[in-house]
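Fold and geometry: a report
This is what each chain is made of:
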Amino acid sequence: MKGYDLIIIGGGPAGLSAAVAAWDAGVREILILERDQELGGILNQCIHNGFGLHTFQEELTGPEYAARFIDKVRERNIACLLDTMVLEVSPDRVVTAVNREQGVFQLRAGAVILAMGCRERPRGALNIPGHRPAGIYTAGTAQRLVNMDGWMPGKEVVILGSGDIGLIMARRMTLEGAHVRLVAELMSYSGGLKRNIVQCLEDYGIPLRLSHTVVDIHGKQRLTGVTIAQVDENNRPIPGTEEYHPCDTLLLSCGLLPENELSRAAGVTLSPATSGPVVDEALETNLEGIFACGNVLHVHDLVDYVTQESFEAGRRAAAYLQNRLPSRGRSVPVKAGEGVRYTVPSVVHPDRMDDSLTLRFRVSGVRQGAFLSVWLDGERILHQRKPVLAPAEMEQVRIRRSELEKRPDLSAITVCIEEV
Amino acid sequence: MYDILIIGAGVSGCAAARELSRLQASVCVVEAREDVCSGTSKANSGLAHAGFDAREGSLMARLNVEGSRIMESLSEELDFPYRRNGALVLCLSEEDRPGLETLLARGRANGVEGLEILSREQVLAREPHVNPGVTAALWAPSAAIICPFELNLALAENAAENGVVFRFNTRVTGFSPMEGYWQIQTDQGPLEAKCVVNAAGVYAAQLHNLVSQTKLHITPRRGDYYLLDKTAGSYVNSTIFQLPTKYGKGVLVTPTVHGNLLVGPTAIDIDDPEGTNTTREGLEEISRKVESTVTGIPFRETITSFAGLRAHEDGHEFIIQEVEDAPGFFDCAGIESPGLTAAPAIGRMVAGLIRDKLALEEKAHFQPRRKGITDPWALSPQERQALIAREPDYGQIICRCENVTAGQILEAIRRPLGARSLDGIKRRVRPGMGRCQGGFCSPKVMELLARELGIGLEQVNKCGPGSELVTGVTKEADYEGV
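Residues numbered from 1 in each chain as written. Chains lettered and ligands numbered in written order. Predicted model: local features only at pLDDT ≥ 70, side-chain atom pairs only at ≥ 80, totals over all residues. Heavy atoms only, no water.

**Here's the deal with the domain arrangement of chain A**
All names here are of chain A. Taken domain by domain, chain A comprises domain 1 (1-119 + 257-325), domain 2 (122-254) and domain 3 (328-420). Computed from C-alpha coordinates alone, the two centres of domain 2 and domain 3 are separated by 35 Å. Counting residues at the interface gives 6 residues for domain 2, matched by 5 residues for domain 3. Across the domain 2/domain 3 interface, buried area totals approximately 380 Å², and carbon plus sulfur atoms make up 64% of it. (Domains from an automatic or database assignment. Contact = heavy atoms within 4.5 Å. Buried area = accessible area lost by both parts, 1.4 Å probe.)

What follows is the structure, given as structure tokens:
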């Protein structure tokens, strides 16, 4: 069986960054497996700008951002197999894949980085009742049709969900000549970034209807309209608030799900909070030598953070391959306390930490003027006032290794939001 | 002029067509939709019922048990998925126990084999997720799960191979009795046939009433379902029913032959024969009712919900006979559950009636076997490598959730009675049936359809004319009035 030191599953922003970092740390036998016909992943259809402000201090489009990393991969002569679908990863890191040229084949890997990205929640998973006509797309599918294939999914559009792709598509569909009637959002706050609300809805006069959802879908062949209604505090539609909106297109932007079928089948422990693997400070899963980064790990808001995280995964996988990654030693759980939905990582091994560690997390509701706190058991080591905290934006804090070393009996790190 | 014209390319019509294709006769199937299996046959529980449910002595009971007995060998002959997983009917209180005994006695009278009553412990040992309050259950080992699409398609393809003509997008609008034959009006012009088979599902009464003074009444009875991801597919092993009580019938839980979990259906009488919309009330009814039989179903793994319509005739009986005041016009009506199971037997019965009517002889060279679409994942590794080396399209995954290859999709389009719509491809080889519901693959499948059919992408549709998927190209917007 042919082998590589490092096999990276997925050639999107996470996989590309991880490959570059691993190469720069000295790993040479690297293979990227990509199921699409080109590298770059979902960035290829994100033709709007706003990517790379943190990484490159400039505003790039998605394809431009991807191109920077594709160039880095090419400069390093890192091997890639395109149009290649990974079918299985075994716990001992045998990767089974299929493509047109080789059929089904197996490769042995010294280390594996999972970087498969995420998918959109489809209509069925949202339990929207009604007919099942043509004209209902997830926002990402519509984005592909419009931006890559040049086709318009429809002319009169309602968007359900205010996730970032939905907001971006509200603007895109408008620029392409469609009429976007409204964006309905089940929650009482937007699921997207503030800048997208302003630049994609407000600038075009598209109404955002918070605490509203689609309660019926009309049209037997092609969509003819949707009924939306206001919801109560339990997200149940309030009778009497129904409004009918004629439209031929319904776009759904109701959340992203890390795509972890391979991980699950391999035996990687998944977190119910993120739907991604449970990882430690090295972004290593419960299976030795299998790492994860990017949207397969948890859904990010900005690609820059995907890159940062994936550099880390690549660097750590390189250390593992070079026998420089110390054994795990004592482990300290990181707990998502009050107001925090999850943290990544969710466990820390102080003995093999760097001098400091970035904990990424999301809050569970919108909070204004609350405090972000970190507790080491009963001792609060961080208490920072935040003007606004929102679930749409990923937050992060840094933990110093020295803080943990001082406390050999530490039982948990807790990140929480406090009113005072 | 055809000898026989069958209205409806659902499972009953196609089963009849296949049986008639054994005979020396010209047969045509007309279908209002763009594909076979587009009505009741496409949205149901996908079960081969054992046959304990139907009333003793009824035609329904006889054809159910006969269909159940034929189904396994038919699945080998026609190459469609079949798995005998058995069924359990749960009794949830001691006072309902006589009802379970009645069901056992009825099943035995109907000729169902292997029925037995299991104790609470036996049930829970087989099915750990069943409500622990269960008191006993009827076990029917001959019950099975099948793929309703592939059964329907296999019957149709085999009929076509044996000479049956199919006309799609052709809606029957009226009949004129002629001297020894019928003229059939359609929206594509008139057709003629010596005999007509009315297998029009929820429209069967409407058609019957055009030719007969003895009126039929069929109610579309809607059934809503939840379909869960394969991660939940082994939540139960057998098909779990609830013993009907004075409080109602309950809903069933079953694995599907493709490894998903199916929960439903409701039974809601409606007027619209195209009313396959789910409702919030219907879906909530399922999740509420199922708790009494199978607890803790992971509904967060739901990938879609859908509804199908049963063709419920007022007498709750299959009506398969020559219409008394319309000689040569044969009803195949009121085919509701267990219609899918009974279909092979229904086909035989219809063919028998017409063979006698027209004194038809058997064909010398009937081809009984049909080979399904190549499934590279069902092959041995060596066979699969050889296939991909020969035809690389079978090594190119288009649908990542169900691992469907370009080769399978192309085959689905290129075969006789090939797919003409996105849903047609989905029913044949499953791209879009998985957890992302076509989010990633549908643009690619649309491109393949356009290329193979030699049409523009704007003509590619989801389920027939009027369901086109895109409205035009970008940058060509009409900005007037914007």
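**As for helix 8 (residues 303-321) of chain A**
Residue and element names in this part refer to chain A. The terminal C-alpha atoms of helix 8, which comprises 19 residues, lie 26 Å apart, in line with the 27 Å expected from a rise of 1.5 Å per residue. Across the 19 residues that make up helix 8, a large majority, 14, are buried. A positive phi of about 55 degrees marks asparagine 323, the residue just after helix 8. (Helix = DSSP H or I, 4+ residues; strand = E, 2+ residues; numbered from the N terminus. Expected span 1.5 Å × (residues − 1). Buried < 20%, exposed > 50% of the residue type's maximum accessible area, 1.4 Å probe, protein only.)

**Quick look at the domain arrangement of chain B**
Residue and element names in this part refer to chain B. Domain parsing of chain B yields domain 1 (2-41 + 148-217 + 316-358), domain 2 (87-141 + 220-308) and domain 3 (376-459). Look at where the C-alpha atoms of domain 1 and domain 2 centre, and you get two points 31 Å apart. When domain 1 packs against domain 2, the two sides together hide about 390 Å² of surface, and 47% of this comes from carbon and sulfur. In this assembly, domain 1 and domain 2 are joined by 1 salt bridge. Residues arginine 33 and glutamate 274 are paired through a salt bridge, measuring 3.6 Å at the closest nitrogen-oxygen approach. Our count for the domain 1 to domain 2 interface comes out at 1 residue pair in polar contact (both at pLDDT 80 or more). In terms of residue class, the side of domain 1 that touches domain 2 is made up of 2 nonpolar, no polar and 3 charged. (Salt bridge = Lys/Arg side-chain N within 4 Å of Asp/Glu carboxyl O. Polar contact = N/O pair within 3.5 Å; in protein donor to acceptor, adjacent residues only side chain to side chain. Nonpolar A, V, L, I, M, F, W, Y, C, P; charged D, E, K, R; others polar.)

**Quick word on the pairing of strand 21 (residues 332-336) of chain A**
All names here are of chain A. The sheet contact formed by strand 21 and strand 23 (residues 347-348) spans 2 bridges and is antiparallel. Residue pairing for strand 23: valine 332 is matched across the bridge by valine 348. As paired elements, strand 21 and strand 28 (residues 413-418) share 3 bridges and run parallel to each other. Residue pairing across strands places lysine 335 opposite threonine 414, the latter belonging to strand 28. (Pairing = 2+ DSSP bridges.)

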